[in-house]
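# Inside the fold
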Amino acid sequence: MERDKFTGRFTRVLQRAATAATRLKSIRVRLTGWYVSLLAAILIGFSILVYVSMEKSLCSDLDATLQAKAAQVEAAVKVVPGGLTIMEDAMNHPGNLGSLGRQDVPPPSVSIPFVILDMAGDLKVASGFSSRVLPVGPDVVGPAIHGDTLFGTVKIENRESLRFLSAPLEVNGKQVGVVVVGRSLYSLESTLARLRLILASLILSALIFAGISGYLMAWRALAPIDTITRTARKITAEDLSLRLNLRGVDDELGRLARTFDEMLSRLDEQFQRERQFTADVSHELRTPLTVIRSTSDVALRDPAPTLEGYHMALVSIRDEASRLSRIVDDLLFFARADFRQVRLRIEPVDVDSLMGDVFDYGVRLAASKEVEMEYASGTRGPAATRGAKGTVIKGDRAQLMRMFINLIDNAVKYTPAGGRVRLETGVEGDLFWAVIADTGPGIPAEELPRIFDRFYRVDRSRSRASPGCGGHEAAGTGLGLSIAKTIAELHGGTITVRSELGKGSAFKVTLPLSAIVQGASDLSARRTRPGGGPLRMPRERS
């Protein structure tokens, strides 16, 4: 039982020690410690300066008092046959400070003991019983006999210290002996002891007050950090909705809290996109896999299989496998782009040739939907640079082709039969631009900021399928515009969109030029659509 009690107490002591150690590691404790340490150093330094100055001043005053007493004794000495004597009246005269005294020192107390010795070192006059403590040895008297003044400190009874002065004694300009005066240092040491106690008390009180107030101020200043810590512990990948929302704080911690909230908002948005992206990828991959599986199951369960039935099943499986392959290729492209691992084969690209191939693709794509394609080149720009014919840009031709094909495919897909898709190109300054405009239903204004997001579709029911060549359904993946934007940015360009409901949309690609080569012929180029007849040139946009 006793052992269990001891173990429990020991465990509690360890827990308290661990808690105290943790608190010592906190920033507010360390800040308070540095603040108190700095203040302690300043106060101790100031106290030492005050103490040393006071000690020096008191010692200087004591030495001056001893000098004044020696001068007073010298003025009262009289040479008589057989020795020296003291004239009591002269001892009490206030003007008898002599050459050894200081005029700023008050008359010395008569209680200061003194002794007078002749030139042989024999004692001639003593002031009383207290003068017996004065040192009169050769080491004290010797220098004075030779005309020197000596200050010193000796220990006397009860470990008390005595300050003494040994000086030559002159009468009528002739040295007749030595005077030794002294005074106990008890009063001086008591004064210094009281000063030490006062200074120590003031330092201790100031440090205690500074420590408490400093800790409270640090606690108040660093309180937002605890809020940040508690909030951060509650945040998980499944819930990033928590915010600090520190109001009225405009210091470093306030800015830190706002930055933290902004970071959480970005992370929350990114996580939402990742979740949506994962869900969209799963859905897009599941759809062709489901079609492949169901088609193969139907073909295998057919009780009367035919060659034509197997052929149709294989065609369907091939189409879905191709779609699945395109999705995988697009995802691989994004994965490489996110880690900046897309390798572009940079080479001079003739824009006229590139856009001609893009237009030819658009004509073939639009023919099955009875959509009219128009192509106009050189309708903008200064006279010196107008026109795309002969213009060269540096880039990866295959990726640029992919970008424009995605835009053309998107325009044709959403343009109804009898509508029109227009491809227009030109040069402005050191930039090449291309506009792909359609007469489709348009895009709502609130959807425009997200039109280039991965797997994002404005109208998912319409984007799932649209009539394609051969009567098949050409389903979209919602990656085309995002891929086009990524390719443009990899080439240092941009893609912008302008749309109006009921009138159509226009996507503008802007790419930097590497060189401009002017053609010798007319810069206005026209192409015709299948069926003959020139394309109608679009009107200049405002």
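Computed from a predicted model, the values in this text were never measured in an experiment.

### With respect to the overall build of the protein chain
Each helix and strand counted, the protein chain has 11 helices and 16 strands in total. For the protein chain, buried positions account for 38% of its 542 residues. Within the protein chain, residue pairs in contact and separated by at least 24 positions form 67% of the contacts whose partners lie at least 6 positions apart. For the protein chain, the exposed area adds up to about 32,000 Å²; of that, 57% sits on carbon and sulfur atoms.

### Here we look at the layout of surface pockets
In this structure, the second largest pocket occupies an estimated 700 Å³ of space. Along the walls of the second largest pocket sit 26 residues, with Arg273, Phe452, Asp453, Arg454 and Ser482 positioned nearest its centre. Elements supplying a minimum of two residues to the lining of the second largest pocket: α6 (252-301), α7 (307-338) and α11 (480-490). Among the elements that take part in the lining of the second largest pocket, α6 stands out by supplying eight residues, more than any other. Residue composition of the lining of the second largest pocket, by class: 10 nonpolar, five polar and 11 charged.

### Focus on unusual backbone geometry
Unusually for a residue other than glycine, Asn172 sits at a positive phi of about 55 degrees. In this fold, Asn172 is placed in the loop between β6 (161-171) and β7 (174-184). For Glu370, which is not glycine, the phi dihedral falls at a positive 55 degrees.

### With respect to the pairing of β6
Counting buried positions over the 11 residues of β6 gives 10, a clear majority of the element. Here strand β5 (residues 150-155) runs beside β6; their pairing, made up of six bridges, is antiparallel. Bridged to Lys155 within β6 is Ser161. Between β5 and β6, which pair antiparallel one after the other, the connecting turn spans five residues, and Asn158 there sits at a positive phi close to 55 degrees. Where β6 meets β7, 10 bridges bridge the pair, whose relative direction is antiparallel. Paired with Glu170 across the bridge in β7 is Gln175. Count of turn residues in the β6/β7 antiparallel hairpin: two residues, of which Asn172 carries a positive phi of about 55 degrees.

### Here we look at helix α8 (residues 351-367)
With 17 residues, α8 should reach 24 Å at 1.5 Å per residue; the first-to-last C-alpha distance of 24 Å fits that figure. Regarding α8, the residues found buried are Val351, Asp352, Leu354, Met355, Gly356, Val358, Phe359, Gly362, Val363, Leu365 and Ala366. Those residues of α8 hidden inside the fold are in contact with β8 (347-350), β9 (372-377), β10 (391-395), α9 (397-413), β11 (420-428) and β12 (431-438).

### Notes on the nonpolar core
Core analysis: the biggest nonpolar cluster contains 50 residues, and Met355, Met403, Phe404, Phe432 and Ile495 have the highest contact counts within it. Of all the elements in the fold, those that place two or more residues in this core are α7, α8, β9, α9, β11, β12, α11 and β14 (504-512). If one sorts the elements of this core by residue count, α9 sits on top with nine residues. By size, the runner-up hydrophobic cluster in this structure holds 18 residues, among which are Val77, Leu84, Val125 and Leu169.

### Concerning the packing of α7 against α11
Where α7 contacts α11, the axes come no closer than 11 Å and their chain directions differ by 35 degrees. Judged by the sense of rotation from one axis to the other, the crossing of α7 with α11 is left-handed. Touching Asp330, Phe333, Phe334 and Ala337 of α7 are Ser482, Ile483, Thr486, Ile487 and Leu490, all from α11. Residues belonging to the contact of α7 with α11 are distributed by class as follows: six nonpolar, two polar and one charged.

### So, the pattern of salt bridges
A side chain of one charge can pair with a side chain of the opposite charge if their charged atoms are brought near each other. Summed over the entire model, instances satisfying the criterion amount to 10 salt bridges. With its nearest N and O atoms 3.5 Å apart, the salt bridge here joins Lys124 to Asp118. Under the relative-accessibility criterion, Asp118 is labelled buried at 15%. We note a salt bridge from Lys413 to Asp409, for which the minimum N-O separation is 3.9 Å. One end of the pair, Lys413, and the other, Asp409, are both in helix α9, four residues apart, so they sit about a helical turn from each other.

### As for the sheet that holds β6
One open sheet accounts for five strands, arranged β4-β3-β7-β6-β5; its pairing is antiparallel. On the outer flanks of this sheet lie β4 (123-126) and β5, each paired with one strand and no other. Going across the sheet, the axis of each strand differs from the next one's by a mean of 25 degrees, ignoring polarity. The strands that helix α4 (residues 138-145) touches are β3 (114-118), β5, β6 and β7; relative to β6, the one it contacts most, it runs at about 30 degrees.

### Some thoughts on the environment of Asp63
Positionally, Asp63 belongs in helix α2 (residues 27-76). According to the relative accessible area criterion, Asp63 is buried, its value standing at 16%. With 101 residues separating them in the primary sequence, Asp63 and Phe164 have C-alpha atoms 8.3 Å apart. Apart from the residues lying within four places of it in its own chain, the contact partners of Asp63 are Phe151 and Arg163.

### Some points on the pairing of β11
Of all nine residues that make up β11, seven are buried, and the element is covered over most of its length. Of the pairings in the sheet, the one linking β9 to β11 comprises six bridges and is parallel in character. Residue pairing for β11: Ala376 is matched across the bridge by Glu424. Across eight bridges, the pairing between β11 and β12 is antiparallel. Bridge pairing in β12 places Thr425 opposite Ala434.

Definitions and cut-offs
- In this numbering scheme, every chain counts its residues from 1 along its sequence in written order.
- Two thresholds apply to this predicted model, a pLDDT of at least 70 for residue-level local features and 80 or more for giving and counting side-chain atom pairs, whereas whole-chain, interface and lining totals are computed over all residues.
- Derived side-chain values reflect all non-hydrogen atoms in the structure, with water molecules and hydrogen atoms excluded from consideration.
- Numbering goes from the N terminus for both helices and strands, where a helix is a DSSP run of H or I of at least four residues and a strand is a run of E of at least two.
- Each residue is placed in one exposure class: buried if its accessible area under a 1.4 Å probe, protein chains only, is under 20% of its type's maximum, exposed if it is over 50%, and partly exposed if it falls in between.
- Throughout, a residue-residue contact means that at least one pair of heavy atoms, one from each residue, lies within 4.5 Å.
- Using a 1.4 Å probe, the Shrake-Rupley method yields the accessible areas, and only the shown protein chains count as cover for residues.
- Put simply, the grid is 1 Å and covers the protein atoms alone, a cavity is a trapped set of points that fit a 1.4 Å probe, a pocket is an open set with protein on both sides within 12 Å along at least five of seven lines, and lining residues have an atom within 4 Å of a point.
- Grid points are joined across faces, edges and corners, and a volume is the space filled by probe spheres set on the points.
- Ten residues, namely Ala, Val, Leu, Ile, Met, Phe, Trp, Tyr, Cys and Pro, are considered nonpolar, four, namely Asp, Glu, Lys and Arg, are considered charged, and the remaining ones, Gly among them, are considered polar.
- Pairing between strands requires that DSSP locate at least two bridges from one strand to the other.
- One less than the residue count of a helix, multiplied by 1.5 Å, gives the span that helix is expected to have.
- Nonpolar cores were defined as sets of buried Ala, Val, Leu, Ile, Met, Phe, Trp, Tyr and Cys residues, with membership established by side-chain atoms within 4.5 Å.
- Note on definitions: angles span 0 to 180 degrees between N-to-C directions of axes, and those axes are lines fitted to C-alpha atoms, for helices only across the stretch in contact.
- Take the far helix as the reference: if the near one is turned anticlockwise from it by less than a right angle, the crossing is left-handed, and if turned clockwise, right-handed.
- The term salt bridge refers to a side-chain nitrogen of Lys or Arg lying within 4 Å of a carboxyl oxygen of Asp or Glu.

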